[in-house]
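# Survey of secondary and tertiary structure
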Amino acid sequence: LEAATSDGRVEASEDETSHISQYIVPLQRLHSAFLENLTSPSNSITQVVTKFATSFEVYCDYCLEFELSLRTYQSLSKQEAFHNMVEMERKELKGNPGMLSLLTLPLRRVDCYVNIVKCLRLCSDLGQDDRKLLD
């Protein structure tokens, strides 16, 4: 999106670009690091979740901003150039999620993370400090 706006193919303000893209890369990096830690044989699920607990707060920010991001996406979608860019990107990224999927994916992860935390609180022998992290 940033490249398409900088070369003039898509008309979007810096704010509009930011509304759509500001959280996507950081959330993807966080999720990748979380999964990498989960798959490490030296880590327990409890250790990984407590390690990332404060980092997950960015999902709260994302949820608060999601409606604005979605409205911005819908507004930009009315531009033929934006629509064409999204379609071209979707075709090039065979099997990978398109831009709208990238916007909604973090919301779907929130439920998964909440369920993991609930299970850990019920099934794990957490210390008081770890319990506070998971509240």
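Sequence order sets the numbering: in each chain, residues are counted from 1 along the sequence as written. It should be noted that, the model being predicted, local features are given only for residues of pLDDT at least 70 and side-chain atom pairs only at 80 or more, the latter also being counted only at that level, while totals for whole chains, interfaces and linings use all residues. No hydrogens and no water enter the side-chain calculation; it runs on all heavy atoms of the structure.

### A word on the overall build of the chain
Here is the rule: A run of H or I in DSSP counts as a helix once it spans at least four residues, and a run of E counts as a strand once it spans at least two, with each numbered from the N terminus. Only protein chains enter the accessibility calculation, which uses a 1.4 Å probe; a residue whose area is less than 20% of its type maximum is buried, one above 50% is exposed, and one in between is partly exposed. Whether two residues touch is decided by their heavy atoms; if any such pair falls within 4.5 Å, the residues are in contact. Where accessible areas are quoted, they stem from the Shrake-Rupley method and a 1.4 Å probe; at the residue level, only the protein chains shown are allowed to cover.
From N to C terminus, the chain includes 8 helices and 0 strands. Reading the secondary structure of the chain in the N-to-C direction produces α-α-α-α-α-α-α-α. Expressed as a percentage of its 135 residues, the buried residues of the chain come to 30%. Considering only contacts in the chain between residues 6 or more positions apart, those separated by 24 or more positions represent 69%. Here the chain displays about 8,700 Å² of accessible surface, and carbon together with sulfur accounts for 52% of that area.

### Regarding the packing of helix α3 (residues 24–38) against helix α4 (residues 45–52)
The relative placement of two packed helices comes down to the angle between their axes together with the axis-to-axis distance. Using the following cut-off: Helix axes are fitted to C-alpha atoms over the stretch in contact, other axes to C-alpha atoms as well, and angles between N-to-C directions run from 0 to 180 degrees. By definition in this entry, angles of less than 35 degrees are roughly parallel, angles greater than 145 are roughly antiparallel, angles of 65 to 115 are roughly perpendicular, and the rest are oblique. It is the rotation of the near helix from the far one that decides the hand of a crossing: anticlockwise by less than a right angle makes it left-handed, clockwise makes it right-handed.
Two elements in contact, α3 and α4, have axes whose closest approach is 9 Å; the angle formed by their N-to-C orientations is 155 degrees. The orientation of α3 relative to α4 falls into the category roughly antiparallel. When the axes of α3 and α4 are compared, the crossing they make is right-handed. Here L30, A33, F34, N37 and L38 of α3 lie close against α4, whose contacting residues are I45, V48, V49, K51 and F52.

### Considering the nonpolar core
This is how the line gets drawn: Think of a nonpolar core as a cluster: buried Ala, Val, Leu, Ile, Met, Phe, Trp, Tyr and Cys residues, connected wherever their side-chain atoms sit within 4.5 Å.
Membership of the largest hydrophobic core comes to 23 residues, with the highest contact counts inside it found for F34, F56, Y62, Y73, F82, M99 and L103. Breaking this core down by element, the ones donating at least two residues are α3, α4, α5 (57–77), α6 (80–92) and α7 (99–123). Apart from residues lying up to four places away in sequence, Y62 is in contact with Y23, I24, L27, L102, L103, T104, P106 and L107.

### Points about the state of the cysteines
Note the threshold: Pairs of cysteine sulfur atoms within 2.5 Å are identified as disulfides in what follows.
Going through the model one piece at a time under the given rule, you end up with 0 disulfides. No disulfide involves C60; its sulfur sits 6.6 Å from the nearest other cysteine sulfur, which is in C63.

### Side note on the environment of Q47
Looking at the element boundaries, Q47 is found in helix α4. We classify Q47 as partly exposed; its relative accessible area is 43%. For the pair Q47 and N37, spaced 10 residues apart in sequence, the C-alpha separation works out to 9.2 Å.

### What about α6?
The α-helix winds at 3.6 residues per turn, so residues separated by three or four positions along the chain end up facing the same way. Short version of the rule: Every helix has an expected span of 1.5 Å times one less than the residues it contains. Picture the helix axis, draw a direction to every C-beta atom, and the arc is the one those directions span.
The end-to-end C-alpha separation of α6 is 18 Å, in line with the 18 Å expected for 13 residues at 1.5 Å each. Along α6, the residues classified as buried are F82, M85 and V86. Down the axis, α6 shows its buried residues gathered within 95 degrees of arc, on one side only. Facing away from the buried surface of α6 by more than 90 degrees, the exposed residues are E80 and K91.

### Points about the packing of α3 against α5
Applicable threshold: Any residue that is not Ala, Val, Leu, Ile, Met, Phe, Trp, Tyr, Cys, Pro, Asp, Glu, Lys or Arg is counted as polar, Gly included; the first ten are nonpolar and the last four charged.
Their axes nearest at 11 Å, the elements α3 and α5 cross at an angle of 145 degrees. Helix-helix and strand crossings are classified by hand; for α3 and α5 the assignment is left-handed. Here α3 contributes I24, L27, L30 and H31 to the contact with α5, which in turn contributes V58, Y59 and Y62. Taken together, the residues that form the contact of α3 with α5 break down as 6 nonpolar, 1 polar and no charged.

### Quick look at the confidence of the model for the chain
Where we set the bar: You can read pLDDT as the predictor saying how much it trusts each residue, on a scale of 0 to 100.
Of all residues in the chain, 79% attain a pLDDT of 70 or more, and the chain-wide mean is 79. By mean pLDDT, the top-scoring element of the chain is α3 (89), and the lowest-scoring one is helix α1 (residues 2–6) (58).

### Here we look at the pattern of salt bridges
Which entries qualify depends on this criterion: Each reported salt bridge corresponds to a side-chain nitrogen of Lys or Arg within 4 Å of a carboxyl oxygen of Asp or Glu.
Enumeration over the complete set of coordinates arrives at 1 salt bridge. Residue R71 pairs with E67 through a salt bridge whose shortest N-O separation is 3.1 Å. Of this pair, R71 and E67 both sit in helix α5, 4 residues apart, roughly one helical turn. For E67, a relative accessible area of 55% translates into the label exposed.

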